[in-house]
Amino acid sequence: MKKEKRCIISPSILSADFTCLGDQISETEQAGAEWLHVDVMDGHFVPNITMGPVVVKACKKASSQLIDVHLMVTEPGHLIEDFVSAGADLLTLSIEAVEDIEAGIQQIKELGCKVGVALKPGTSADMLMPLLPWLDLVLIMSVEPGFSGQSFMPEVLEKTRMIRSELDRVNPDALIQMDGGIGAETIMQARDAGVEVFVAGNAIFKHPDGIGAGIEALREKLDNF
Ligand code: DX5
Ligand code: ZN
């Protein structure tokens, strides 16, 4: 029988108000979000530039959530130690951005950090399959990486089901995370495909009734699954 897994909400601070980031993070924690998602973009792998270890360090200080760092960075090997020292609990590499992905995974594990691998919407699962036994998490992008506030791409759900069923065979404790366009209208499609960790930016930080209401709206859908 398939083990029941918890549903984890990981608010993406890319959509937060950076003039009061600490308060915004506390609101997500008080509303029950277990993780905090930090989007690191290098202006090369993706067309946008965001934040680095300094912000990770501030997040770690502001909260006791698991710090979930999503690296959208070409060849980030020289930065890994800095992110771990800053307080990253999970580092996720983009499979398309790292030539020797096995070495990257190994490097992160050796530092005692959890490791994930992310796939862009158009990337097939083939390259990922041999890596599954070594991973704590697979991140399936449901928008093109680079920006918050884009529309969910349901075409990634089929790939998600396939990866979940292979993980159940070779590494059942590993989690599947989905990132991009997750909101009250889309979260159940992701859940139904086997996702356990839900990243949301705009649906939480831009909710008209505030951060707590944004998280509650997602949690309510998951509770009724
Ligand atoms: C996109 C980022 C996402 C983004 C999610 O490249 O990886 O984490 O912030 O934002 P929403 O939930 O608004 O799509
Ligand atoms: Zn992300």
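All figures in this text were calculated on a predicted structure; none of them were measured in a lab. (Residues numbered from 1 in each chain as written. Chains lettered and ligands numbered in written order. Predicted model: local features only at pLDDT ≥ 70, side-chain atom pairs only at ≥ 80, totals over all residues. Heavy atoms only, no water.)

Draft legend 1. Molecular detail of helix H2 (residues 53-62). Inspection of H2 places Val-55, Val-56 and Cys-59 among the buried residues, and these make up the whole buried set. The buried residues of H2 occupy one face: seen down the axis, they fall within an arc of 105°. Opposite the packed face of H2, turned more than 90 degrees from it, sit the exposed residues Val-54, Lys-57 and Lys-61. (Buried < 20%, exposed > 50% of the residue type's maximum accessible area, 1.4 Å probe, protein only. Helix = DSSP H or I, 4+ residues; strand = E, 2+ residues; numbered from the N terminus. Arc of directions from axis to C-beta.)

Draft legend 2. Geometry of the pattern of salt bridges. Counted under the stated rule, the structure contains seven salt bridges. Of the charged contacts, one joins Asp-192 and Arg-161 as a salt bridge, the two residues approaching to 2.9 Å between their closest N and O atoms. Separated by 31 residues along the polypeptide, Asp-192 in helix H6 (residues 187-192) and Arg-161 in helix H5 (residues 157-170) bring together distant segments of the chain. Note on Arg-161: relative accessible area 39%, which makes it partly exposed. A salt bridge links Arg-164 to Asp-168, with the nearest nitrogen and oxygen atoms 3.1 Å apart. With Arg-164 and Asp-168 both in helix H5 and four residues apart, this pair spans about one turn of that helix. Residue Asp-168 is classed as partly exposed on the basis of its relative accessible area of 31%. The network of salt bridges with shared partners includes Arg-6, Glu-34 and Arg-219. (Salt bridge = Lys/Arg side-chain N within 4 Å of Asp/Glu carboxyl O.)

Draft legend 3. A look at the sheet that holds strand E4 (residues 90-94). If you trace the eight strands from one edge of the open sheet to the other, you get E1-E8-E7-E6-E5-E4-E3-E2, paired in parallel fashion. Unpaired on one side and paired on the other, strand E1 (8-11) and strand E2 (35-41) mark the two borders of the sheet. Here the average twist between neighbouring strands, direction ignored, is 25°. As paired elements, E2 and strand E3 (residues 66-72) share seven bridges and run parallel to each other. When the bridges of E3 are listed, Val-40 appears paired with Leu-71. (Pairing = 2+ DSSP bridges. Axes fitted to C-alpha atoms, helices over the stretch in contact; angles between N-to-C directions.)

Draft legend 4. Structural view of the coordination of the zinc ion (ligand 2). For the zinc ion (ligand 2), the full set of protein donor atoms is His-37 (NE2), Asp-39 (OD), His-70 (ND1) and Asp-179 (OD), and the range of their distances to it is 2.0 to 2.3 Å. For the zinc ion (ligand 2), the six donor atoms in the first shell make angles of 70 to 170° at the metal, so the coordination geometry reads as octahedral. (Donors = N, O, S within 2.8 Å, 3.2 Å for Na, K, Ca; no water. Tetrahedral: all angles 85-135°; square planar, octahedral: opposite > 155°, others 65-115°.)

Draft legend 5. Just the site of ligand 1, in detail. Around ligand 1 there are 20 residues in total, and Asp-39, Gly-146, Asp-179, Gly-181 and Gly-201 lie nearest to it. Taking Gly-146, its main chain carries an N or O atom lying 2.8 Å from an oxygen atom of ligand 1. Gly-201 places a polar main-chain atom, nitrogen or oxygen, 2.8 Å from an oxygen atom of ligand 1. Here ligand 1 has 380 Å² of accessible area as a free molecule, and 99% of this is covered by the chains. The leading source of residues in the shell around ligand 1 is E2, at three residues. Along the lines of polarity and charge, the residues of the shell around ligand 1 split into eight nonpolar, ten polar and two charged. (Near = heavy atom within 4 Å. Polar contact = N/O pair within 3.5 Å; in protein donor to acceptor, adjacent residues only side chain to side chain. Areas by Shrake-Rupley, 256 points an atom, 1.4 Å probe, with all protein chains shown as cover. Nonpolar A, V, L, I, M, F, W, Y, C, P; charged D, E, K, R; others polar.)

Draft legend 6. Quick peek at helix H8 (residues 211-223). For H8, with 13 residues, the first-to-last C-alpha span of 18 Å sits near the 18 Å given by 1.5 Å per residue. Along H8, the positions that sit buried rather than exposed are Ile-211, Gly-214, Ile-215, Leu-218, Arg-219 and Leu-222. Relative to the axis of H8, the buried residues are bounded by an arc of 125° and lie together on one face. Contacts made by the buried residues of H8 are with E1, helix H1 (21-30), H6, strand E8 (197-200) and helix H7 (202-205). (Expected span 1.5 Å × (residues − 1). Contact = heavy atoms within 4.5 Å.)

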